[in-house]
Amino acid sequence: MTLKIAFQMDPMETLNITGDSSFALMLSAQARGYVLYHYLAPDLTWDGGRLYAMARPVTVQRQPGNHFTPGEPVILDLGRDVDVILMRQDPPFDLSYITATHLLERIQGDTLVANDPASVRNAPEKLFVLDYAHFMPPTMITRSLGAAREFLKEHGEIVLKPLHGNGGKAIFKIGSDGANLASLIEVFNTAYVEPHMVQAFVPTVVKGDKRIVLVDGVIAGAVNRIPGDGEIRSNLAVGGTAAKTELTAREIEICEALGPELKKRGLIFVGIDVIGGEWLTEINVTSPTGIVAIDTFNGTDTAAMIWNAIEARLNA
């Protein structure tokens, strides 16, 4: 099956090809004989009832510093000239991101967009997960210092993090004495217009924060991310260490609960985060990562699973 694939993602020049999931998807697509295009979200233009993007055809190779070869820019009619669009630009999940989902949603009847743009818009990582609160640690969404203080009294130690943050940025642990809670809430309320996420601290985070990837609702694999010394954050981007892992019965239960809804929503590539083998904290749908580490440890080919799922949807 020969397909034309447009990747809406970050600049090709900035990719760290060693562990980048988007690059792994590009390599896999090219190996299948797909034709690849790359463009940035700001390159979208809506005109006369059509959605266009100034894009470059690209070929890719696993050569650090020389990992892609661009062709001459072309104007693509995204509803007619390509078969699939992968929306893979990194967060922040801001108005620019939301606008891109609205534009891409308008061509869904003509071109398959993965993940489904309306579902991405309606399922932000730290809000969609509230549908599965029974799997989560105690959680509060608030801008209120008073509410956060009461939550701290109830749970002893808490974590404060931005509602639309990513990559382990701006996550703070607050001890039972509440030192710095008022200052942090003040800073967060100044920096963000939305409320913030407050969660009971889960000590088993020292055992790792597991990234589990689901492809069209089916478990593809997992990698455990162990926090570095003196850290509560386990994201690989902030110094966490990847380790081979197996799923617990609780994690399988979580995946089985989420899977049908993810498939129904057209969320083909999803990464969920589970702490200590039992506590669900996020459902990542914007630009999930982790497949390179998973495949390295398990000898699997998650990129191929994703393309198989996309082909199945095209043929349905």
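Residues numbered from 1 in each chain as written. Predicted model: local features only at pLDDT ≥ 70, side-chain atom pairs only at ≥ 80, totals over all residues. Heavy atoms only, no water.

Trainee: Would you mind going over the overall build of the protein chain with me for this structure?
Mentor: Secondary structure assignment for the protein chain yields nine helices and 17 strands. Radius of gyration (C-alpha) of the protein chain: 20 Å, near the 20 Å computed for a compact globule of 316 residues. Considering only C-alpha atoms, the protein chain reaches an extent of 60 × 45 × 40 Å along its principal axes. Among the 316 residues that make up the protein chain, the fraction classed as buried is 50%. Contacts spanning at least 24 positions in sequence make up 66% of the contacts within the protein chain whose residues lie at least 6 apart. (Helix = DSSP H or I, 4+ residues; strand = E, 2+ residues; numbered from the N terminus. Rg over C-alpha atoms; globule rule 2.2 N^0.38 Å. Buried < 20%, exposed > 50% of the residue type's maximum accessible area, 1.4 Å probe, protein only. Contact = heavy atoms within 4.5 Å.)

Trainee: For this particular structure, what's the right way to read the sheet that holds strand E16 (residues 269-275)?
Mentor: By definition, the strands of a sheet pair up through backbone hydrogen bonds, in either a parallel or an antiparallel sense. Strands sit in the order E15-E14-E13-E16-E17 across an open sheet of five strands; the sheet is antiparallel. The two strands at the open ends of the sheet, each matched to only one other strand, are strand E15 (241-243) and strand E17 (279-284). Ignoring strand direction, the axes of neighbouring strands in this sheet form an average angle of 30°. As paired strands, strand E13 (residues 209-215) and strand E14 (residues 218-226) are joined by seven bridges and run antiparallel to one another. Bridge pairing links lysine 210 to asparagine 224 in E14. (Pairing = 2+ DSSP bridges. Axes fitted to C-alpha atoms, helices over the stretch in contact; angles between N-to-C directions.)

Trainee: I would appreciate a short explanation of helix H7 (residues 249-264) in the present structure.
Mentor: Every α-helical turn comprises 3.6 residues, leaving residues that sit three or four positions apart pointing alike. For H7, built from 16 residues, the straight-helix expectation of 22 Å at 1.5 Å per residue is met to within 8% by its first-to-last C-alpha distance of 24 Å. Taken as a whole, H7 carries its principal kink of about 35° at leucine 258; the proline proline 260 stands between one and four residues after it. Taken as a whole, H7 has its buried residues at Glu251, Ile254, Cys255, Leu258, Gly259 and Leu262. Against the buried residues of H7 lie helix H4 (125-128), E13, E14, E16 and E17. (Expected span 1.5 Å × (residues − 1). Bend = angle between axes of the 7 residues up to and from the residue.)

Trainee: Just checking my understanding: could you explain the sheet that holds strand E11 (residues 172-174) for this structure?
Mentor: An order of E9-E12-E10-E11 is seen for the four strands of this open sheet, with the pairing classed as antiparallel. Of all the strands in the sheet, just strand E9 (139-142) and E11 have a single pairing partner and so form its edges. With strand direction ignored, the average angle separating the axes of adjacent strands in the sheet is 25°. Pairing of strand E10 (residues 158-162) with E11 involves three bridges; the strand directions are antiparallel. Pairing of isoleucine 158 across the sheet is with isoleucine 174, part of E11. In this fold helix H5 (residues 145-155) packs onto E9, E10, E11 and strand E12 (196-200), with an angle of close to 170° to the strand it touches most, E9. Relative to the sheet, helix H6 (residues 181-191) contacts E10, E11 and E12, its axis offset from that of E10 by approximately 15°.

Trainee: Is there a simple way to think about the nonpolar core in this case?
Mentor: If you look at the biggest cluster of nonpolar residues, it comprises 42 residues, and the most contacted ones within it are Tyr39, Leu78, Ile85, Leu104, Ile272, Leu280 and Ile283. Residue assignment for this core shows that the elements contributing at least two residues are strand E2 (35-39), strand E4 (50-60), strand E7 (84-87), helix H2 (95-105), E13, H7, E16 and E17. Contacts of leucine 280, omitting those with residues within four sequence positions, involve Val129, Tyr132, Phe135, Met136, Pro137, Ile254, Leu258, Ile272, Asp273 and Val274. One finds Met12, Leu25, Ala29 and Ile310 within the second-largest nonpolar core, a separate group that totals 36 residues. (Core = buried A, V, L, I, M, F, W, Y, C linked by side-chain atoms within 4.5 Å.)

Trainee: For this particular structure, what's the right way to read the side chain of aspartate 295?
Mentor: Mapping aspartate 295 onto the fold places it in helix H8 (residues 291-298). At 2.7 Å, the side chain of aspartate 295 forms a polar contact with the side chain of threonine 302. (Polar contact = N/O pair within 3.5 Å; in protein donor to acceptor, adjacent residues only side chain to side chain.)

Trainee: Just checking my understanding: could you explain the pattern of salt bridges for this structure?
Mentor: Opposite charge on two side chains makes pairing possible when the charged atoms of those side chains draw close. Scanning the model with the defined rule gives 16 salt bridges in all. Among the salt bridges present, the one from arginine 225 reaches aspartate 209, with a minimum N-O distance of 3.5 Å. Placement of the pair is arginine 225 in strand E14 and aspartate 209 in strand E13, with a sequence separation of 16 residues. Relative accessible area serves as the criterion here: at 10%, aspartate 209 is assigned to the buried category. Several salt bridges share partner residues, and in doing so they unite Asp209, Arg211, Arg225 and Asp273 into one network. (Salt bridge = Lys/Arg side-chain N within 4 Å of Asp/Glu carboxyl O.)

Trainee: Honestly, the environment of threonine 99 in this entry has me stumped. Any pointers?
Mentor: With respect to the element layout, threonine 99 can be found in helix H2. Residue classification places threonine 99 among the partly exposed residues on the basis of a relative accessible area of 43%. Spatially, the C-alpha atom of threonine 99 lies 32 Å from that of glycine 221, the residues being 122 residues apart in sequence. Among the polar contacts made by the side chain of threonine 99, one reaches the main-chain carbonyl oxygen of leucine 95 at a distance of 2.7 Å.

Trainee: What am I meant to see in the packing of aromatic side chains here?
Mentor: Any aromatic ring pair is given by two values, namely how distant the centres are and how the planes are angled relative to each other. Inspection of the entire model under this criterion finds six aromatic pairs. Centre to centre, the rings of tyrosine 34 and tryptophan 307 are 5.3 Å apart; their planes meet at 80°, and the pair counts as edge-to-face. Taken together, the residues span a long stretch of sequence, with tyrosine 34 in the loop between helix H1 (21-31) and E2 and tryptophan 307 in helix H9 (residues 302-315) at a distance of 273 residues. The residues tyrosine 34 and tryptophan 307 share a single accessibility class, namely buried. Here the aromatic rings of phenylalanine 128 and tyrosine 132 are separated by 6.1 Å at their centres, their planes lie at 75°, and the arrangement is edge-to-face. The same class applies to phenylalanine 128 and to tyrosine 132, which are both buried. When the ring centre of tryptophan 46 is taken as origin, the NZ or CZ atom of arginine 106, which lies over that ring, is 5.5 Å away. It is lysine 173 that lies over the ring of phenylalanine 201; its NZ or CZ is 4.2 Å from the centre. (Phe/Tyr/Trp six-rings, centres within 6.5 Å; stacked < 30°, edge-to-face > 60°. Lys NZ or Arg CZ within 6 Å of the ring centre and 35° of its normal.)

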